[in-house]
Amino acid sequence: MESSTVTSSEKSDPREQATARLSQMLEHSADEVMSCSLHQLMQDDGGRFSQLSRRVGPFLVDFSKQRVTRQTMDLLVWLASNSGLAAKRKALLEGEIVNASERRPALHPLLRWPHDKRPPAGCESVVKAIHGELQRMEELVERIRSGGWRGATGETISDVVNIGVGGSDLGPRMACQALSEFAPQSERKMAVHFVSTMDGAQLAPLLRRLDPKRTLFILSSKSFTTVDTQFNMRTALSWLMRELGQSESSIKRHHILGVSSREDRMTQWGLPTDNQLHFAEGVGGRFSLWSPIGISVGLALGMPTFHELLAGAHWMDRHFAEAPMIKNLPVLLAMLGVWNSDFLHIPSHAVLPYDGRLALLPSYLQQLEMESNGKSTTAEGIPIDGTTCPILWGEVGPNAQHAFFQLLHQGTHDVSCEFIAPVQRYTEAHHDREALELQAQHRLTLANCLAQSQLLALGDDALDTSLGDDTISGYRGNQPSTTLLLDALTPWSLGALLALYEHKVFVQSVIWKINPFDQPGVELGKRLATGLHDILEERAPMNDELDASTRDLLAHIHMAVPR
Ligand code: F6P
């Protein structure tokens, strides 16, 4: 971890001095662990698993396949404690301004504050507003699911399409996929679809098979200006008007709901107040699943499932707030990430769920982690010399084994990995026979999960312990990983899992001195795209100041695709 971001006044600060000392000790520890193999570390310390794993709530998290010693873990926890984390965590959880550039709090923990618990002091009105909107969302969900909501021609709703992108898409889409088995069996089925891409590739085939009389669109957009979403909605609106032969205002009243923090823009667009759900600007897009942005989860799976998701996340909030640092899962997960990134210089992190229901988790975490901490200046604008958020990628583990595990085992890149798997696969929704079959398949999946983490850690040394076949070799080993086992994948445990990652991101931002709640790096691309779109639409002339590559590509497209 570089210390050149520390200014001279900071150097005289006792906390900064302690940070510098701890960093030095961690550098020393990194030299030590790099000089011996993970196999050696595991052989040298028989109590490694019990010392370097944590059983908390529904989680068993094994850090013993990380390239650390017990002492490294202690040092990392001291580094976290010395960073002022406790005060910053309190500020986050109690709704204070933690997003300095936008002068906003980060309200996602308050979105899951329970009804029957007194809110943190000073947050009473915020929590009251949150609960009021949750109640409105519940009423809307109930009306739509029960058949009380009618389309413009008097039909009930059978299909809901969430139009949104980034945080207004990834969270609800991932949760709906992960928890589809939890849809109540007894109630009317509601098909929920997600459209995010601006190219119409998802929307066009969907419109071909949907019944406009029975389709409701949810326009999910915190800002209510994102062009991707606006363009998709414009296409959907014309489709509804054309197919149903109704006025724009009737279509908006009967077939469109809006979820946004910009009530004014929804109203200006002509959406009736009753069709709007609101959340505060202090809820970041990538943290907004818990807000009315989650309405598609309620519609697909019922509100009890959504409430369970909130309850699991709140449990993790309390764990984060109250557990000692050495047992605190978000702190440990974050600090191991800092270790791999800053001290072992591993630039890449693979998320590997061993359960197909979590297929979208890597994408969800890509936005959560990289949009939050993919920055190179501190919150004060000072350049950071060391590294920050690694490149995060991933895929469902068993499929990835047949794709990129070759590189992990025998390639030239250091990659840290996160294996995530539920222990029990079946749920109450499965009949006896199906449950047995599913669990049998899942045992195979778990065996593969453990085999891969074992091989990544030990490399050729894995042969000693299990296969005894010295004709197979060339496995690099020493690729560190964490294995995160969930007792079972439920709405509650998924809520806790996602909140675990949210807080991991926050802890890392404290260590790196980053503001994790803004995303200035995505703004300029949007502005440039607007300018280029104007040229393609012939609303603006070709700009001679454009770089030659962009200008000639534009000219090529223009010639090939005349307006
Ligand atoms: O990618 C930038 C971003 O602002 C994300 O942070 C956000 O989740 C996404 O765009 C969608 O924004 P909105 O919900 O305002 O449409």
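Along each chain, numbering runs from 1 in the same order as the chain's sequence is written. With pLDDT at 70 or above as the cut-off, local features in this predicted model cover only qualifying residues; side-chain atom pairs require 80 or more to be listed or tallied, and sums for whole chains, interfaces and linings still use all residues.

Concerning the overall build of the protein chain
1) Next: To qualify as a helix, a DSSP run of H or I must reach at least 4 residues; to qualify as a strand, a run of E must reach at least 2; elements of each kind are numbered from the N terminus. Of regular secondary structure, the protein chain possesses 24 helices and 13 strands.
2) Next: Taken along its principal axes, the extent of the C-alpha atoms in the protein chain is 75 × 65 × 60 Å.
3) Next: For the protein chain, with 563 residues in total, the buried portion stands at 43%.
4) Next: With C-beta atoms placed from the backbone, a contact is any residue pair whose C-beta atoms sit within 7 Å. Of the contacts made within the protein chain by residues no fewer than 6 positions apart, 74% connect residues no fewer than 24 positions apart. Here a residue counts as buried when 20 or more other C-beta atoms fall within 10 Å of its C-beta, as exposed when 12 or fewer do, and as partly exposed in between; the C-beta atoms come from the backbone.

Considerations on the domain arrangement of the protein chain
Interfaces are frequently sized by the accessible area removed from exposure as the parts join.
1) Next: Under the domain assignment, the protein chain is made up of domain 1 (14-83 + 323-427 + 435-462 + 476-518), domain 2 (108-304) and domain 3 (521-560).
2) Next: Residue ranges labeled as domains rest on an automatic or database domain assignment. Averaged C-alpha coordinates put domain 2 and domain 3 at centres separated by 33 Å.

Points about the sheet that holds strand E5 (residues 159-163)
1) Next: Overall, parallel pairing links the 5 strands, which are arranged E6-E5-E7-E8-E9 in an open sheet. Two strands close off the open sheet at either side, each with one partner strand: strand E6 (191-195) and strand E9 (276-278). For this sheet, the mean angle separating the axes of adjacent strands, direction not counted, is 20°. DSSP calls a pair of strands paired once it identifies at least 2 bridges connecting them. With axes taken as lines fitted to C-alpha atoms, and helix axes fitted only over the stretch in contact, angles between N-to-C directions fall between 0 and 180 degrees.

Regarding the site of the ligand
1) Next: Residues are classed as near a molecule or strand if the C-beta position derived from their backbone is within 6 Å of it. Near the ligand lie 14 residues; those nearest to it are Gly 166, Gly 167, Ser 223, Thr 226 and Gly 285.
2) Next: Ten residue types, Ala, Val, Leu, Ile, Met, Phe, Trp, Tyr, Cys and Pro, are classed as nonpolar, four, Asp, Glu, Lys and Arg, as charged, and the remainder, Gly among them, as polar. Here the residues of the shell around the ligand are counted per class, giving 2 nonpolar, 9 polar and 3 charged.

A few points about the environment of Met 34
1) Next: Position of Met 34 relative to the elements: it lies in helix H2 (residues 14-34).
2) Next: Between the C-alpha atom of Met 34 and that of Thr 156, which follows or precedes it by 122 residues, the distance is 63 Å.

A look at the nonpolar core
1) Next: For our purposes the nonpolar core covers buried Ala, Val, Leu, Ile, Met, Phe, Trp, Tyr and Cys residues that link as a set through C-beta atoms within 7 Å. Among the nonpolar cores identified, the biggest contains 135 residues, and Ala 175, Phe 217 and Met 335 are the most heavily contacted of them.
2) Next: In terms of residue count, helix H22 (residues 491-512) provides more of this core than any other element does, 14 residues in total.
3) Next: Composition of this core by domain shows at least three residues from each of domain 1 (14-83 + 323-427 + 435-462 + 476-518) and domain 2 (108-304).
4) Next: In this view, Ala 175 contacts Leu 289, Val 297, Leu 309 and Leu 494; residues no more than four positions away in its chain are not counted.

Some remarks on the packing of helix H11 (residues 227-244) against helix H12 (residues 248-255)
1) Next: Between H11 and H12, whose axes approach to 10 Å, the crossing angle comes to 110°. The orientation of H11 with respect to H12, classified from their angle, is roughly perpendicular. Of the residues in H12, those in contact with Leu 237, Leu 240, Met 241 and Leu 244 of H11 are Glu 248, Ile 251 and His 255.
2) Next: A breakdown of the residues in the contact of H11 with H12 according to their chemical character gives 5 nonpolar, 1 polar and 1 charged. When describing relative orientation, an angle under 35 degrees is termed roughly parallel and one over 145 degrees roughly antiparallel, while 65 to 115 degrees is termed roughly perpendicular and anything else oblique.

Focus: helix H5 (residues 70-82)
1) Next: Counted at 1.5 Å a residue, the expected span for H5 with its 13 residues is 18 Å, and the 18 Å between its end C-alpha atoms agrees.
2) Next: Considered for burial, the residues of H5 that qualify are Thr 72, Met 73, Leu 75, Leu 76, Leu 79 and Ala 80. Buried residues along H5 cover an arc of 165° about the axis, so they all sit on one side.
3) Next: At its buried positions, H5 is contacted by H2, helix H6 (85-93), helix H16 (329-343) and H22.
4) Next: Of the residues flanking the end of H5, it is Gly 84, one or two places downstream, whose phi is positive at about 85°. In a helix, the anticipated span is given by 1.5 Å times the number of residues less one. Of all possible arcs, the one meant is that of the directions from the helix axis to the C-beta atoms.

Describing the UniProt feature "active site" (unreviewed entry) in the protein chain
1) Next: Under the feature "active site" (unreviewed entry), the UniProt entry names Glu 371, His 402 and Lys 526. These annotated residues cover 156 residues of sequence, and their C-alpha atoms reach 36.4 Å apart at the extremes, leaving them scattered rather than at a single site.
2) Next: Relative to the assigned elements, His 402 resides in the loop between helix H18 (397-400) and helix H19 (405-410).
3) Next: Since 9 C-beta atoms lie within 10 Å of it, His 402 is described here as exposed.
4) Next: Its place among the elements puts Lys 526 in helix H23 (residues 523-536).
5) Next: Looking at Lys 526, the number of C-beta atoms within 10 Å reads 12, which means it is exposed. UniProt positions are given in the numbering used here, feature names are shortened, and annotations may be inferred rather than shown by experiment.

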